[in-house]
Amino acid sequence: MNEDIRIALTGFMGVGKSSVARHLSQMLRCQRVDLDMFIEDNERRRVAAIIDADGIDHYRSLETQYLQRFLNESDATILSLGGGTWTNAANRDLLKAHAFTTVWLESTFEHCWLNISFSRKDRPLARDKQSALKLFEERQKDYSLADWHFIVRSGLTSYDVARNIVDEIFS
Ligand code: S3P
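Residues numbered from 1 in each chain as written. Predicted model: local features only at pLDDT ≥ 70, side-chain atom pairs only at ≥ 80, totals over all residues. Heavy atoms only, no water.

## Details of the nonpolar core
Where a protein is soluble and globular, its nonpolar side chains tend to be buried together.
Phase 1: Formed by 54 residues in total, the largest nonpolar core has its most connected members in Leu24, Leu79, Leu105 and Ile165.
Phase 2: When residues in this core are grouped by element, the largest group, six residues, is from helix H4 (residues 56–73).
Phase 3: When near neighbours in sequence (up to four residues on either side) are disregarded, Ile165 contacts Leu9, Val20, Leu24, Val103, Leu105, Phe150 and Phe170. (Core = buried A, V, L, I, M, F, W, Y, C linked by side-chain atoms within 4.5 Å. Buried < 20%, exposed > 50% of the residue type's maximum accessible area, 1.4 Å probe, protein only. Helix = DSSP H or I, 4+ residues; strand = E, 2+ residues; numbered from the N terminus. Contact = heavy atoms within 4.5 Å.)

Below, the structure is given as structure tokens:
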């Protein structure tokens, strides 16, 4: 098992990035950080509150600043990104420069939407189904630039997905 590999999880909102990251960090016994939570802890505001009050462009620039800060300061080797982080070329370059391997958790829109609907997390960019679907379709090309692709579907738990990732990447 190669313990040096750093993993960043990307994929659409509701696909389960944070849960898979939690299992990965337990399986690999390494630290993990959730980028949204890292931002919220430091800004002392919810991501949704930042987007609603200051706009998406402001949030995107904060996201890049905090990604940079995480990459410079943290020892964590598992990172769950926000659903839009990887779609920004500057963020992709930062992750590559810090030798993070990216994993796309790939799923159908309906699967993500079901999770979004049942989740307590407020997601300003997914408050209505039509705009969320549009975003989902626009982003597929960017997500597909990730190093690894793993399918997420109903019937597979986040534990199963993490197990698949460990088996494939770390074997
Ligand atoms: C976003 C996804 C959210 C959060 C923000 C914007 C996006 O994270 O970063 O609301 O642009 O897809 P999750 O993917 O964890 O929901």
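Moving on from the model shown.
## Thoughts on the pattern of salt bridges
Phase 1: Here the structure, examined in full by the defined rule, presents 11 salt bridges.
Phase 2: In this structure, Glu63 engages Arg60 in a salt bridge whose closest nitrogen and oxygen atoms are separated by 2.9 Å. With Glu63 and Arg60 both in helix H4, this residue pair falls three residues apart, about one helical turn.
Phase 3: Two residues, Lys129 and Glu110, come together in a salt bridge whose shortest N-O distance is 3.3 Å. In this pair, Lys129 sits in helix H7 (residues 129–143) while Glu110 sits in helix H6 (residues 109–118), placing the two residues 19 residues apart along the sequence. (Salt bridge = Lys/Arg side-chain N within 4 Å of Asp/Glu carboxyl O.)

Limitation: the analysis is restricted to geometry and does not speak to function.
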